[in-house]
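# Understanding the architecture of this molecule
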Amino acid sequence: MMTDPDDNPIFEPRAVRRAVAIAAGLNFGYFWVQVVVALAIGSVALFADSVDFLEDTAVNLLIFVALGWPLARRALAGRVMAAIILVPSVAAAWMAFVRAQNPEPPDVLSLVVTAGGAMLVNAICALVLSRIRAHGGSLTAAAFLSARNDVLVNLTIIAMAFVTAWTASGWPDIVLGIVILVLNATAAKEVWEVATEERLAAKALADEEIDDD
């Protein structure tokens, strides 16, 4: 990291790529842990969160590739990622529908341990990405927002596990699947808005270049 004459940090593309590469690796690794546990215990919330880890992997890899693209192409990539963020929401909604037919409670200990590990991984990713969230526009904003929301989801899963133990019902897990859906839809909306701003900025720059000619 370097600084400009006013002592403001300047992040080089290499630093941004290194940060998203770390996040992608952590997300992909823990995806396999969570998806196996989620399917084994039949947890809607944990399954949705495991799909979200895979989505975060894709987002960070896309940033790694698209960081050097022009503003207009980055804006388009940001819109694509806004749509990608909705994927875990669709998966959560589908599994919630299926599990509602037979709302058996998932194993509480497995929920707490797995969600705790997920929270640690997402907290590390959020910390790493928070340093470069303003350097890459909608691309890095997408990655940071997703990691931030995932920490909240993991905390909710842990709380839900205790509610499940108290009620001996599978409904708290199903309801949390809907909460994950809403969180991801909100993140998608925020990323879409940032991408739209970049698209307008790209059009403004194009007009300036035309006027100069």
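Worth saying up front: this structure is predicted, and the values here are computed from it rather than measured.

### Concerning the overall build of the protein
Scanning the protein from terminus to terminus reveals six helices and two strands. For the protein, the sequential pattern of α-helices and β-strands runs β-β-α-α-α-α-α-α. Of all 213 residues assigned to the protein, the portion counted as buried reaches 45%. Long-range contacts, defined as pairs at least 24 residues apart, comprise 81% of the intrachain contacts of the protein with a sequence gap of at least 6. As displayed, the protein offers around 10600 Å² of accessible surface, 69% of which is attributable to carbon and sulfur atoms.

### Here's the deal with the nonpolar core
In this structure, Ala45, Leu46, Phe47, Leu111, Ile157 and Met160 are the most contacted members of the largest nonpolar core, which totals 23 residues. Sorting the residues of this core by element identifies α1 (13-41), α2 (44-66), α3 (71-100), α4 (108-130), α5 (138-167) and α6 (171-212) as the ones contributing at least two each. With six residues, α2 is the largest single contributor of residues to this core. Ignoring anything within four residues of it in the chain, the contact list for Ile157 reads Ala45, Leu46, Asp49, Leu111, Ala115 and Leu176. Among the nonpolar cores identified, the runner-up in size contains 22 residues, and Val16, Ala126, Ala142 and Phe144 belong to it.

### A short note on unusual backbone geometry
The phi dihedral of Ala168 falls on the positive side, at around 55°, and the residue is not glycine. Mapping Ala168 onto the fold places it in the loop between α5 and α6. For Ala168, a relative accessible area of 57% corresponds to the exposed category.

### Section: α4
Spanning 23 residues, α4 covers 32 Å between terminal C-alpha atoms, matching the ideal 33 Å at 1.5 Å per step. Among the residues of α4, Leu111, Thr114, Ala115, Gly117, Ala118, Val121, Asn122, Cys125, Ala126 and Leu129 are the ones counted as buried.

### With respect to the environment of Leu76
Mapped onto the elements of the fold, Leu76 is located in helix α3. Among the residues examined, Leu76 registers a relative accessible area of 56% and is labelled exposed. It is 9.5 Å that separates the C-alpha atoms of Leu76 and Trp192, two residues lying 116 residues apart in sequence.

### Regarding the side chain of Gln34
Assignment of secondary structure puts Gln34 in helix α1. Exposure remark for Gln34: the relative accessible area of 0% places this residue in the buried category. Only 3.3 Å separates the side chain of Gln34 from the backbone nitrogen of Ser50, close enough to count as a polar contact. Apart from residues lying up to four places away in sequence, Gln34 is in contact with Leu46, Asp49, Ser50, Phe53, Thr114, Ala118 and Asn154.

### A short note on the packing of α1 against α4
Taken N-terminus to C-terminus, the directions of α1 and α4 make an angle of 165°; their axes are 10 Å apart at the nearest point. Relative to α4, the element α1 lies roughly antiparallel. Crossing of α1 over α4 shows left-handed handedness. Between α1 and α4, the residues in contact are Ala19, Val20, Ala23, Leu26, Asn27, Tyr30, Gln34, Val37 and Ile41 and Ser110, Leu111, Val113, Thr114, Gly117, Ala118, Val121, Asn122, Ile124, Cys125, Val128 and Leu129, respectively. Taken together, the residues of the contact of α1 with α4 break down into 15 nonpolar, six polar and no charged.

### Here we look at a nonpolar patch on the surface
There is a patch of nonpolar side chains on the surface, built from Ile22, Leu26, Leu120 and Ile124 and spanning about 330 Å² of accessible area. Secondary-structure elements contributing two or more residues to the nonpolar patch are α1 and α4. Note on placement: Leu120 falls in helix α4. Residue classification places Leu120 among the exposed positions, given a relative accessible area of 56%.

So, how was this worked out
Residues numbered from 1 in each chain as written. Predicted model: local features only at pLDDT ≥ 70, side-chain atom pairs only at ≥ 80, totals over all residues. Heavy atoms only, no water. Helix = DSSP H or I, 4+ residues; strand = E, 2+ residues; numbered from the N terminus. Buried < 20%, exposed > 50% of the residue type's maximum accessible area, 1.4 Å probe, protein only. Contact = heavy atoms within 4.5 Å. Areas by Shrake-Rupley, 256 points an atom, 1.4 Å probe, with all protein chains shown as cover. Core = buried A, V, L, I, M, F, W, Y, C linked by side-chain atoms within 4.5 Å. Expected span 1.5 Å × (residues − 1). Polar contact = N/O pair within 3.5 Å; in protein donor to acceptor, adjacent residues only side chain to side chain. Axes fitted to C-alpha atoms, helices over the stretch in contact; angles between N-to-C directions. Parallel < 35°, antiparallel > 145°, perpendicular 65-115°, else oblique. Left-handed = near helix turned anticlockwise from the far one by under 90°. Nonpolar A, V, L, I, M, F, W, Y, C, P; charged D, E, K, R; others polar. Patch = residues over 30% accessible without salt bridge, like charges linked within 9 Å, V, L, I, M, F, W, Y side chains within 5 Å. Salt bridge = Lys/Arg side-chain N within 4 Å of Asp/Glu carboxyl O.

Remember, this is a structural readout, not a statement about activity or role.
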